[in-house]
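Spelled out, the chains give:
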Amino acid sequence: MDHNGEDWSVKEVLIFKPTLSLLYPEKGTLTVDGDIIDDLSLKVACYHTFLERGIEVTKLVSTIKLEMGDFDLTWKGTFSPVETVFSLGDYDLTLAAEAKLNDLTLNTVLKLDEDGFASFSVKLSL
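Residues numbered from 1 in each chain as written. Predicted model: local features only at pLDDT ≥ 70, side-chain atom pairs only at ≥ 80, totals over all residues. Heavy atoms only, no water.

1. A closer look at the side chain of T31
Here T31 is to be found in strand β3 (residues 23-37). Looking at T31, the relative accessible area reads 16%, which means it is buried. The residues contacting T31, other than those within four sequence positions of it, are S9, V10, K11, K43, V44 and A45. (Helix = DSSP H or I, 4+ residues; strand = E, 2+ residues; numbered from the N terminus. Buried < 20%, exposed > 50% of the residue type's maximum accessible area, 1.4 Å probe, protein only. Contact = heavy atoms within 4.5 Å.)

Below you can see the structure in the form of structure tokens.
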């Protein structure tokens, strides 16, 4: 199922488990994606399973992206249920920039994660 609005989209993907009597949903992902303001977007994915007693959320993945010209800042975090609350587990922070000078293009990407420095890359294109 998919619904696209002007600035937002909502999508549900279900995996069905075949049974003798009928199809039964086993797990799914509900994704909400959209622009908060012009340069700032938000995407939240809710992973869940279907149990006899209801729906159980297995994890939430949230991505916030700021795009300003040739500069992008992205934060992505994974939240897992721990008892009655959600706990932040893994996260990534990515800073990407592009600079152009005539025919020369410089792309840099700095990545940080929950352990600190993850990577730094530089790409020169002519």
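Let us keep going from here.
2. A look at the pattern of salt bridges
Counting across every chain of the model gives 2 salt bridges. Among the salt bridges present, the one from E67 reaches K65, with a minimum N-O distance of 3.9 Å. On the basis of relative accessibility, which here comes to 38%, the residue E67 falls in the partly exposed class. Between K100 and E98 there is a salt bridge, and its shortest N-O distance comes to 4.0 Å. Residue class for E98 comes out partly exposed when judged on its relative accessible area of 29%. (Salt bridge = Lys/Arg side-chain N within 4 Å of Asp/Glu carboxyl O.)

3. Considerations on the packing of aromatic side chains
Two measures describe an aromatic ring pair: the distance that separates the ring centres and the angle between the ring planes. Under the definition given, this model contains 1 aromatic pair. Its end group placed over the ring of Y47, K59 keeps NZ or CZ at 4.9 Å from the ring centre. (Phe/Tyr/Trp six-rings, centres within 6.5 Å; stacked < 30°, edge-to-face > 60°. Lys NZ or Arg CZ within 6 Å of the ring centre and 35° of its normal.)

4. Quick word on the environment of L88
Structurally, the position occupied by L88 is in strand β7 (residues 85-101). Taking the C-alpha atoms as reference, L88 lies 9.9 Å from K59; in sequence the two are 29 residues apart. Residue contacts for L88: discarding those within four places in its chain leaves W75, G77, T78 and F79.

5. Thoughts on unusual backbone geometry
Of note in this structure, E83 is not a glycine but carries a positive phi near 55 degrees. Here E83 is to be found in the loop between β6 (71-82) and β7. Note on E83: relative accessible area 81%, which makes it exposed. Positive phi outside glycine occurs at N102, with the angle close to 55 degrees. With respect to the element layout, N102 can be found in the loop between β7 and β8 (104-113).

6. As for the pairing of strand β4 (residues 40-51)
Judged from the 10 bridges that link them, β3 and β4 form a sheet pairing that is antiparallel. Looking at the pairing, G28 lines up with H48 of β4. Where β4 meets strand β5 (residues 54-68), 12 bridges bridge the pair, whose relative direction is antiparallel. Along β5, the bridge assignment pairs S41 with K65. Linking β4 to β5, which pair antiparallel, is a turn of 2 residues. (Pairing = 2+ DSSP bridges.)

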